[in-house]
Structure formats: structure tokens, C-alpha cells
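# Structural description and commentary
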Amino acid sequence: MSEGRKLVIVESPAKAKTIGGYLGKDWDVEASVGHIRDIPTPSEMPAEIKKGPFGRFGVDVDNGFEAYYVVDSDKKKKVAELKRLLKNADELYLATDEDREGEAIAWHLLEVLKPKVPVKRMVFHEITKEAIQRASTNTRDLDVALVDAQETRRILDRLYGYEVSPVLWRKVKAGLSAGRVQSVATRIVVERERERMAFVRASYWDVEGDFTPDGASNQFTARLTSVDGSRVAMGRDFNDDGTLKGKSVVHLDEATATSIATQVLTCQVGVTSVQEKPYTRRPSAPFTTSTLQQEASRKLRLSSKNAMRVAQRLYENGYITYMRTDSTTLSEAALTAARQQARDLYGAEYVPQSPRLYEKKVKNAQEAHEAIRPAGDRFRTPAQVAGELRGDEFALYELIWKRTVASQMADARGSTATVRLGGTLEDGRVVEFSASGTVITFRGFLAAYEEGRDEERASKAAEAEEERRLPKLSEGVSLTVVRAEADGHETTPPPRYTEATLVKAMEEKGIGRPSTYASTVGTIQDRGYVNTRGSALIPTWLAFAVTRLLEEHFTELVDYDFTASMEEDLDRIAGGDAQRAEWLKRFYFGEGDGGEGDGGEGGGAGVAASREPGLPDASGGHLGLKQLVDDLGEIDAREISTIPIGEGIVVRVGRYGPYVEETVPQGVDLSTGEMTDDASTAPRRATINDDVAPDEMTPAKARELLEQSADDGKVLGQDPENGRDIVAKAGRYGPYVTEVLDEETAALKGKNKVKPRTASLFKDMDLATMDLETALKLLSLPRVVGTTTEEDGTTVEITAQNGRYGPYLKKGTDSRSLTTEQQLFDITLEEALAIYAQPKQRGRAASAPLKELGNDPVSGRPMVVKDGRFGPYVTDGETNSTLRKGDDPESITPERGAELLAEKRAKGPTTRKRAAKKAPARKTAKKAATKKTATKKTATKKA
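Within every chain, residues take consecutive numbers counted from 1 along the sequence as written. Local features are withheld for residues below a pLDDT of 70 in this predicted model, meaning they are given only at 70 or higher, and side-chain atom pairs are given and counted only at 80 or more; totals for whole chains, interfaces and linings count all residues. The basis for every side-chain value is the complete set of non-hydrogen atoms in the structure, without hydrogens or water.

## A short note on the overall build of the protein
Scanning the protein from terminus to terminus reveals 27 helices and 37 strands. Between buried and exposed lies partly exposed: a residue is buried under 20% and exposed over 50% of the maximum accessible area for its type, with that area taken using a 1.4 Å probe on protein chains only. Counting over 943 residues, the protein shows a buried share of 50%. Restricting to contacts in the protein with at least 6 residues of sequence separation, those with at least 24 account for 68%. Method for areas: the Shrake-Rupley scheme with a 1.4 Å probe, in which residue coverage is limited to the protein chains shown. Surface accessibility of the protein: about 45,800 Å² in total, with carbon and sulfur atoms responsible for 48%. Under the scheme used here, helices are H or I runs from DSSP no shorter than 4 residues and strands are E runs no shorter than 2 residues, and both carry numbers assigned from the N terminus. Note on definitions: a residue-residue contact is assigned when non-hydrogen atoms from the two residues lie within 4.5 Å.

Below, the structure written as C-alpha cells:
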């Protein structure tokens with residue numbers, strides 16, 4: 001064994017590579033590739049464990065909420081490699097991130113590796129040579145309180161999901177999930193859509209004119225603000241129900257506004273007042289995780305996930321500091337670097353006399369780390385890293401650099417002038433116009449950076465903030481009216497959330513933590529609760545049903561303050577001010593009459609020393625999650641999944657998706673609307689396509705769908721071969737044709753069961769114009785193109801078929817893609833044989849790589865991005881790795897490609913889950929698993 005050998009374990013291969021370059025030859029730096037073990041699902045547990053206290057949750061709720069952990073099947077090879085390296089090491093350095101998750105990864109490594117050498121916890125906030133070398137000599141012990149906080153969160157989320165999700169399965173739809181943060185985030189989006197659905201548009205008019213004191217060169221625009229002393233109503237003066245908020249404003253209609261505009265052109269207008277005041281604008285604070293995601297979304301069009309992925313790479317490669325933080329604080333070194341760089345680039349007058357300090361003003365803010373900034377004691381400018389960074393990485397680094405430097409620069413200064421104009425119309429009414437303009441006389445921090453706006457702020461009202469110069473005017477000056485026009489407007493509903501504004505809302509409410517924002521936004525989309533239209537987040541009808549159930553039967557669990565209080569509790573556990581097991585006990589089992597803990601040691605998990613975990617009940621005690629689930633009582637599943645939209649029409653969330661339903665009262669004929677004695681009361685129904693947003697589902701839109709549905713299922717004719725009706729229908733996944741089996745045929749079971757032929761319409765076909773001939777051609781697929789004789793003398797059919805991934809030819813087991821759906825009907829045997837004469841292309845079709853990324857640093861082979869059967873992937877010819885959600889094939893960087901390939905190599909070959917259920921695998925899993933014990937604090941060895 002070599003003398004003085006040290007093993008450093010970090011999370012990612014990229015991080016390991018960067019750190020390895022900063023340490024000497026006696027250091028081995030290896031990546032765990034994230035967590036190495038976790039609480040398994042019940043299906044993954046060995047049979048003997050399922051029968052015990054861990055069987056239901058993977059957590060023993062009756063004995064201190066101890067968790068059962070298993071080494072992930074794809075990490076066993078990595079654990080074996082780490083153990084081999086540890087045998088040759090004299091010291092072990094755990095260098096995972098310095099947050100709850102990183103601390104937990106370090107603890108799990110310690111529990112599994114069971115090192116017999118001194119263990120040191122190595123922490124840093126940036127990956128520079130100076131920071132890494134400083135961290136290697138300034139180590140600490142494992143922070144058990146941080147581990148407790150992470151484990152509490154993990155167990156809390158497991159209990160929440162495993163208790164609440166089955167309720168959703170039974171009452172809404174199978175396969176749904178509930179989560180402590182995701183369910184609340186979904187509720188935020190749903191509540192905004194409810195506001196939009198309840199919103200009533202109001203129309204109003206105003207008048208805009210162009211005026212000049214002495215010619216076109218000094219022309220400026222002003223807007224009508226009052227008539228006979230009453231202020232003209234603008235959009236902000238209307239309630240969401242379309243009514244005016246007050247009686248002191250005048251509501252102009254089109255006729256009145258047009259009359260005023262016509263008379264203004266001929267009346268005498270003069271300046272009645274001029275007001276001027278100083279203008280000052282301060283720079284924004286340095287980036288936190290939340291503000292970085294918001295600004296990356298506004299300016300770079302990056303999703304939250306993608307922004308964090310790019311930031312992770314910048315951090316791991318030593319360009320920025322740690323990117324999961326809610327602190328706006330900069331270190332002394334960073335303050336000095338930012339101020340010096342601003343001074344060098346813009347001049348001494350652009351830097352204030354003393355450093356700017358920023359205080360976080362959002363709920364539950366922590367100040368443990370620095371803000372996100374360029375790494376190092378001297379910042380590298382974007383120009384200095386331009387040769388190393390490309391695409392999104394360069395753009396995000398530049399954004400962070402600009403924001404950091406600007407945060408230490410001087411205020412922008414100038415003046416704002418407001419001019420009021422007055423005149424008397426022919427009919428005697430007195431009108432007043434006003435115009436404002438801001439002149440920036442000293443740009444200050446604006447020379448480096450200006451914060452972007454959310455879409456709802458980028459309105460005409462925000463234009464006043466932009467620099468606009470007015471001519472020099474004084475009271476009493478007469479003006480010439482160049483133009484006057486009436487302008488009609490409508491009030492607009494509250495804007496939908498974007499990823500950026502949803503993250504902002506979550507942060508302001510204290511929901512989630514910097515490390516969870518991106519994953520939460522991604523989760524609610526992946527779970528089918530939220531769709532996107534452009535950058536807007538639109539809740540699905542499924543989200544409405546789930547949110548309503550949680551609001552009515554798990555009220556506290558989706559309460560914003562209660563969810564934020566749980567974050568505070570986790571902070572208290574992380575700080576050692578609350579006990580993990582005691583808090584989980586109160587949350588899960590509850591406690592009557594408030595019990596102990598109203599200020600006592602046992603109740604230290606209370607929120608800000610005043611709020612207890614658990615769900616309040618009427619007697620002043622605390623219901624636990626278990627009691628809440630056990631005492632749910634009857635839930636009307638149909639009612640929960642029903643959303644009224646007005647005029648007797650409702651939307652229902654059914655097993656196969658949402659549909660609109662109209663129930664006609666007894667005695668009303670559905671077809672004519674007339675009263676009859678024997679009218680049908682069967683409701684009319686129509687499927688709702690995913691492209692119809694909830695706020696667009698008005699009664700009028702619903703009836704439009706119902707009318708279309710009336711034509712749905714129309715019989716096109718009969719198949720001449722068997723006499724069956726051929727029907728055209730509109731399904732959730734698009735229009736299709738099918739045949740209707742007679743009752744006797746449809747009743748057949750087992751081997752004799754007959755399935756009706758069904759075929760989707762081609763993309764260029766229309767349900768309204770579908771005819772019997774075309775429908776029969778669709779139902780005739782697959783079509784036999786012809787036969788061919790193989791080299792061995794056998795005769796094989798070639799068929800044209802339409803599949804999940806498009807049209808294709810099939811000859812035995814050999815499939816070849818077709819370029820158009822029409823070829824299914826038109827392709828000849830000769831053309832098919834010509835396709836088969838070409839070399840077989842792996843994948844769907846022969847195509848050039850989507851992007852070339854250069855050589856892989858490990859294999860040395862060229863990396864390219866290709867479009868595969870299951871989506872785009874990166875490959876070096878030996879290893880393939882599917883691009884993750886958020887990875888753009890066109891903008892992916894070589895570094896990201898190499899990272900994906902490295903992660904795939906680290907995981908080893910993929911094994912099927914069913915193989916893990918064999919007896920030998922269970923035995924291995926049991927051996928690898930370990931129960932957390934009360935001796936956790938002694939697990940870390942001091943240097």
C-alpha cells in the first residue's frame with residue numbers, strides 16, 4: 001500500500017475530474033454518481049422484509065421511524081469499485097455538496113463502505129484550485145443534524161405519498177401521485193386557472209393623442225386621463241367580475257371616446273402643469289437559485305430543469321459557486337472582486353463608496369451559502385471564458401457575471417417629468433391628458449445589466465419605466481393637436497404562471513427549497529397535472545379533480561402556510577433544535593389536546609416555536625396523517641371529479657380522460673329543445689381534447705363540442721364483405737374508424753373472441769369528410785404488397801403496415817420505414833424490393849446525426865447526437881445514453897454529452913427488474929441493506 005494515499009468521493013464524474021486536476025498524485029478522486037442507496041418500494045423488498053415492520057413503507061413507523069435502505073441495483077458495481085479503492089487508501093475524504101442531500105450521500109457512503117481509516121468531511125462552495133486545496137486542509141466531521149433533516153424529509157415524503165396517493169387511485173384515477181410539495185405547486189397553478197375561469201372581460205375606451213408645442217421634432221404622445229374632473233377608467237379600475245371598483249371614475253364607451261377624439265382635434269389645448277422629480281433605480285441582488293431560474297427563463301428561454309443542469313456543469317467545472325442557495329450574500333473576496341471589475345471596466349464613478357449588502361426578504365430564507373456568482377477571488381469576464389464555454393453554458397455564465405458585477409455598481413439616476421394638458425371641447429366638457437417621460441442622466445449599473453420582466457409586467461403600464469424624453473415644456477404653453485384617436489380595450493384575466501413565476505410564487509410562500517424548485521416544476525408536468533403552451537403552465541382537468549379532493553379532505557396538506565411550516569421544521573431539525581423521530585411521530589400519529597411539546601423539549605419540532613407538526617382538529621389537539629386517512633369517510637368520486645362550467649354543463653374527469661356533459665331536464669327533447677311527454681333524459685357527452693385549456697371551456701365551447709360529438713360515431717356504411725357497420729369516431733388521441741360487431745360476435749370469449757378492426761385516420765384526413773371507401777382502405781391494413789423469393793428458396797410476403805412510430809414495410813422479421821402514410825396504399829412490389837435492396841439502417845430511418853460533439857474524453861471516439869426510436873440520444877459508437885428531459889439536441893454541449901456517457905458507463909449494463917426478483921438477487925439485496933441505528937453519531941471517524 002502506498003504511503004499517504006487519500007481517496008476523495010464526490011457525486012458526479014465531471015466534478016471528480018475537475019477536483020482531481022487540483023490535487024496531487026497521492027489523491028484518488030472518484031464519483032458515487034449521486035445516491036448509492038435508498039428506501040426501496042415494497043415490490044423491491046425481499047420477501048422476509050415485506051412481512052416485517054418495514055413491509056408497508058420501507059419505514060418502521062412503530063420504532064422511531066427507522067428506515068430500511070438497499071443499495072440500488074445499478075450502484076452495486078460502483079460500490080464494489082469504491083471499496084476496492086478504499087483498501088489502498090490511508091484516509092477517506094467525503095466531498096459531497098454541503099447541503100442536506102450532500103450530507104446524506106456522505107452518510108450513506110459511510111454506512112455502506114464501513115471505512116477502517118480516518119474519515120474527513122471536505123466541503124467547499126466553489127471548485128477552484130485555491131478553494132479545493134483550502135478545503136482539503138480544513139475539514140470537519142459529518143453533520144448528523146443535516147442527515148437527520150434529509151432523512152426526515154425523505155420519510156415524510158414517503159409517508160405522504162404512500163398514504164395519500166392510494167386515495168387518489170380509488171377516487172380519481174389509478175396511477176396518480178400526491179406529494180408534499182408537488183401537490184401544493186399544482187394547487188397554485190389550478191387556483192390561477194380558476195381565477196381565469198371566473199374572470200369576466202370588461203371593455204373600455206380611452207383617447208390617445210399626439211401633441212407638439214412648435215413642430216414635428218418635439219412631438220409627443222399623451223393619453224386622456226379625466227373628463228370634467230372625473231378620472232377615465234382604465235383596466236385596473238375593474239373587478240374580476242367585470243364591474244367597476246368605484247363610482248369616482250368615468251367609463252367611456254366607443255361613442256363617447258370617438259366624440260371626444262373628434263372634438264379634441266379642433267379645440268385649444270395647453271399645458272396646465274409640469275412636475276419633475278429625481279429618478280433613482282437600484283441594482284438587483286446577486287442570483288439565488290430562484291432568481292437564476294426566473295431570469296434564465298426570461299432571457300435565455302431555459303426551463304428550470306435545464307437552467308439548473310447548465311448551472312451544475314458550470315459549478316462542477318469551476319466557473320461558478322454552488323448553485324443551490326437562497327442567500328443573496330457575497331463574501332468579502334467576492335465583493336472586492338466585483339467592485340474592482342466594475343471599476344476597471346466602467347470607471348470609478350460607477351462604483352459606490354461602500355459595498356452593497358442585500359437582505360433576503362422571502363419566507364424561510366436561509367443564509368448558509370453565498371449567492372451564485374463567478375468562482376474565484378478574481379472573476380473571469382465572459383470574454384476570457386468565451387474560448388472554453390459554448391451555447392447555454394456561456395450564456396448562463398455571462399448572465400451570472402453581469403448580475404454579480406452590477407449588484408455592486410452605483411444606482412442609475414435621472415429625472416421623471418409628468419406633463420398635464422387641458423382643453424375645453426365644443427360641447428363644454430373639460431378634458432385632461434397626461435404624459436410621463438424618464439431621462440436617465442447616469443446609467444450606473446444599467447451599463448452592465450438590467451433585470452428582465454415577467455410577461456405580465458411587460459405591458460403598456462410598464463413602458464413608463466423605460467427611458468422616454470419629453471420636450472421642454474412650461475405651464476401655459478399652447479399645443480397643436482397632431483392626432484387624436486379613440487382606442488378600445490378589454491380587461492385581461494390574471495396571467496398564467498410560467499416556470500419562472502411559479503418558482504417565484506413558491507419561494508415567496510416558503511414552499512420547497514432551492515434544490516427542489518426545478519424538480520417540482522418538472523414533476524407536475526411529468527405526472528400529467530400541468531401542460532405547457534409556449535411558456536405558460538396550464539393545469540389539466542385531472543389536476544382540478546386531484547386538487548379538489550385534497551382541498552376538501554386533506555385541507556392542511558395543501559395549505560400554503562402549513563407546507564411552509566414543514567420546511568421550517570426541517571430547518572429546525574437541521575439546526576439541532578428539533579428531534580427527527582419525535583417530529584415524525586406527531587406528524588403521522590398526531591397528538592390529542594396539544595400534548596407535550598407546547599414549548600417543552602418534546603415539542604421542539606413546532607413551527608417557529610409556536611406551531612406543531614400534525615393536523616389541527618376541532619378539540620385543539622392534532623390529527624395525524626394516519627388518522628386523517630383512516631377517518632376519511634365516504635368520498636363521492638363522481639362529485640370530486642365534476643367541475644361545473646355554467647348553464648347546466650359540467651366537465652367530468654373519467655377513467656379515459658376528461659369529457660363535457662350536459663344533462664337535459666325531464667320533458668325536454670334533446671334534438672329540438674321543445675317540451676315533450678316522453679323526452680329522453682340521457683346526458684349528452686363529448687370528449688375534451690388536450691388542446692382546450694380549462695378557461696376556454698365556456699358553455700358555448702362545450703355546446704360546440706357536443707354538437708360535433710353528435711356527428712361522432714356516424715355510420716359511413718356497411719362493409720360489403722361482412723355487412724358490419726363502419727363508424728367514424730373522434731377519440732382522445734385523434735379520429736379513427738372502426739367496425740361495429742353484432743351482439744353475438746361481440747359476446748364471444750377466450751380463443752373465439754373477435755376484436756373489431758380499428759384504424760387511425762392519416763394526418764391529412766378529416767373526420768367530417770371521411771367516406772366508406774377510404775375507411776375500408778384504412779381497415780384493410782396491413783396490406784400485402786407482394787411476395788418475394790429469398791436466397792434459400794422460401795417465399796416471403798412483404799406487407800405495408802401503420803405502426804406506433806409511423807408507416808413501414810415488413811418482410812419476415814425485417815422492417816423498413818416508409819416516408820409517407822400514403823405509401824401504405826400506393827407502394828408497389830418493385831418499389832418495396834428497391835427499399836430492401838438498400839443496406840439496413842439501424843433505427844427508424846437513415847438520417848444524418850442531429851449534432852456532432854467532438855471526441856469523447858474517455859473513449860476518444862466521436863460523439864454524435866442521433867434520433868432514435870425512443871427519442872434523441874448521444875453515442876460514441878460504443879455507449880449510448882438517452883438525452884434527459886430538458887436536453888435540447890440542437891444546443892447540447894460536448895461537456896454535457898460526455899457527462900451523459902460517463903453516467904451511463906458508471907451505471908453499467910442495464911438489467912431487467914424481473915431479474916432482481918430471483919432468489920440470489922434478493923439475498924444480495926438483503927446483505928447489502930442495512931438498518932440505520934442509534935449509533936449514527938459514532939459512525940464518523942475523526943482525523
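That covers the picture; the talk isn't over yet.
## Observations concerning the pattern of salt bridges
The term salt bridge refers to a side-chain nitrogen of Lys or Arg lying within 4 Å of a carboxyl oxygen of Asp or Glu. This model, assessed by the stated rule, comprises 65 salt bridges. Its salt-bridge partner being R5, residue D28 comes within 3.0 Å of it at the nearest N-O pair. One end of the pair, D28, is in strand 2 (residues 27-31); the other, R5, is in the segment before strand 1 (6-10), and 23 residues separate them in sequence. Owing to a relative accessible area of 23%, D28 belongs among the partly exposed residues under this scheme. Across the pair E661 and R652 runs a salt bridge, and its minimum N-O distance is 2.9 Å. Taken individually, E661 and R652 each receive the classification buried, so the pair is uniform in this respect.

## With respect to the packing of aromatic side chains
Two rings from Phe, Tyr or Trp (for Trp, the six-membered ring) form a pair when their centres sit within 6.5 Å of each other. Planes less than 30 degrees apart are called stacked, planes more than 60 degrees apart edge-to-face, and all others tilted. All told, the structure shown has 18 aromatic pairs when counted by the stated rule. When the centroid spacing of 5.3 Å and the interplanar angle of 65 degrees are considered together, the rings of F211 and F433 count as edge-to-face. Within this pair, whereas F211 is found in strand 8 (residues 203-212), its partner F433 is found in strand 14 (residues 430-442), the two being separated by 222 residues in sequence. The exposure class of F211 is buried, given its relative accessible area of 0%. Grouping aromatic residues by their ring pairs yields a cluster made of F57, F65, Y162, Y588 and F589. Cation placement over rings: the criterion is NZ of Lys or CZ of Arg within 6 Å of the ring centroid and within 35° of the ring normal. One Lys or Arg, K777, reaches over the ring of F825 and ends 4.5 Å from the middle of that ring. Above the ring of Y836, the side-chain terminus of K811 is found at 4.6 Å from the ring centroid.

## Remarks on the pairing of strand 12 (residues 269-281)
Here strand 12 runs beside strand 13 (residues 412-424); their pairing, made up of twelve bridges, is antiparallel. Looking across to strand 13, one finds that K277 is bridged to T416. Paired strands, as defined in this entry, are two strands with at least two bridges between them according to DSSP. With two bridges connecting them, strand 12 and strand 15 (residues 478-490) associate as antiparallel partners. When the bridges of strand 15 are listed, G270 appears paired with S478.

## Examining the side chain of E370
By secondary structure assignment, the location of E370 is in the loop between helix 11 (332-346) and helix 12 (382-385). Here S331 takes part through its backbone nitrogen, which lies 2.8 Å from a polar atom of the side chain of E370. Not counting chain neighbours up to four residues away, the residues in contact with E370 comprise T325, S327, T329, L330, S331 and A334. By the criterion applied in these results, polar contacts are pairs of N or O atoms within 3.5 Å in which, for protein atoms, one can donate a hydrogen and the other can accept it, and in which residues neighboring in sequence qualify only through two side-chain atoms.

## What to know about the nonpolar core
Inside soluble globular proteins, nonpolar side chains tend to come together where they are buried. Buried Ala, Val, Leu, Ile, Met, Phe, Trp, Tyr and Cys residues that are joined via side-chain atoms within 4.5 Å together make up what is termed a nonpolar core. If you look at the biggest cluster of nonpolar residues, it comprises 100 residues, and the most contacted ones within it are L502, W541, L549, F554, V660 and M697. If one sorts the elements of this core by residue count, helix 6 (residues 144-171) sits on top with ten residues. Setting aside residues up to four positions removed in sequence, M697 forms contacts with W541, I645, V651, I688, V692, A702 and L705. In terms of nonpolar packing, the next biggest core, distinct from the first, is built from 58 residues, V8, V29, L292 and A311 among them.

## Regarding the sheet that holds strand 21 (residues 642-646)
Read from one edge to the other, the open sheet built from four strands follows the order 21-22-23-24, with strand pairing classed as antiparallel. Strands at the two margins of the open sheet, each flanked by one partner only, are strand 21 and strand 24 (684-687). Between one strand axis and the next, the sheet turns by 25 degrees as a mean value, whatever way the strands run. Angles here are taken between N-to-C directions and fall from 0 to 180 degrees, while the axes themselves are lines fitted to C-alpha atoms, restricted in helices to the stretch in contact.

## Focus on the sheet that holds strand 32 (residues 814-817)
Spatially, 29-30-31-32 is the arrangement adopted by the four strands of the open sheet, whose pairing is antiparallel. Pairing within the sheet leaves two strands with one partner each, and these edge strands are strand 29 (783-789) and strand 32. Between one strand axis and the next, the sheet turns through 25 degrees on average, direction left out of account. Pairing geometry for strand 29 and strand 30 (residues 795-803), over six bridges, is antiparallel.

## Brief notes about the environment of I440
With respect to the element layout, I440 can be found in strand 14. Along the primary structure I440 and R413 are separated by 27 residues, whereas in three dimensions their C-alpha atoms are 5.8 Å apart.

## A word on unusual backbone geometry
Keep in mind that most residues, glycine aside, have a negative phi and that most peptide bonds are trans. Residue P782 is reached from L781 by a cis peptide bond, and omega for that bond is 0 degrees. Tracing the sequence through the fold places P782 in the loop between helix 23 (772-779) and strand 29. Although it is not a glycine, V33 sits at a positive phi angle of roughly 55 degrees. Summarising the element assignment, V33 is placed in the loop between strand 2 and strand 3 (37-38). Even without being glycine, K114 reaches a positive phi, approximately 45 degrees. Looking at the element boundaries, K114 is found in the loop between helix 4 (100-113) and strand 7 (119-121).

## Regarding the environment of T321
As for its position among the elements, T321 is in the loop between helix 10 (304-316) and helix 11. Separated by 194 residues in sequence, T321 and I127 have C-alpha atoms that sit 7.4 Å apart. With residues near it in sequence (within four places) discarded, T321 still touches H125, E126, Y315, A371, I372, R373, P374 and A375.

## Observations concerning the side chain of R580
Tracing the chain through its elements places R580 in helix 18 (residues 580-589). Within polar-contact distance, the side chain of R580 engages the backbone oxygen of G64 at 3.1 Å. Reaching out from R580, the side chain makes a polar contact with the backbone oxygen of F65 at a distance of 3.0 Å.

## Comments concerning helix 1 (residues 13-20)
Inspection of helix 1 places A14, K15, A16, T18 and I19 among the buried residues, and these make up the whole buried set. Summarising the contacts, the buried residues of helix 1 are in contact with strand 1, strand 2, helix 5 (129-137) and helix 10.

## A short note on helix 7 (residues 182-198)
With 17 residues, helix 7 ought to run about 24 Å at 1.5 Å a step, and its terminal C-alpha atoms sit 24 Å apart, in line with that. For helix 7, the tally of buried residues reaches twelve of 17 residues, placing the bulk of the element in the interior. The set of residues buried in helix 7 consists of Q182, S183, V184, A185, T186, R187, I188, V189, V190, R192, E193 and R196. Here a helix's expected span is defined as the number of its residues, less one, multiplied by 1.5 Å.

## Re the confidence of the model for the protein
Detailed conclusions should not be drawn from predicted coordinates in areas where pLDDT is low. pLDDT: the predictor's confidence for each residue, scored from 0 to 100. When pLDDT is averaged across the protein, the result is 85; 86% of the residues are at 70 or more. Here residues 455-465 is a poorly scored stretch, pLDDT under 50, and it has twelve contacts once near neighbours within four places are set aside; other chains count. Confidence over residues 911-943 falls short of pLDDT 50; this stretch has 52 contacts with residues more than four positions distant or in other chains.

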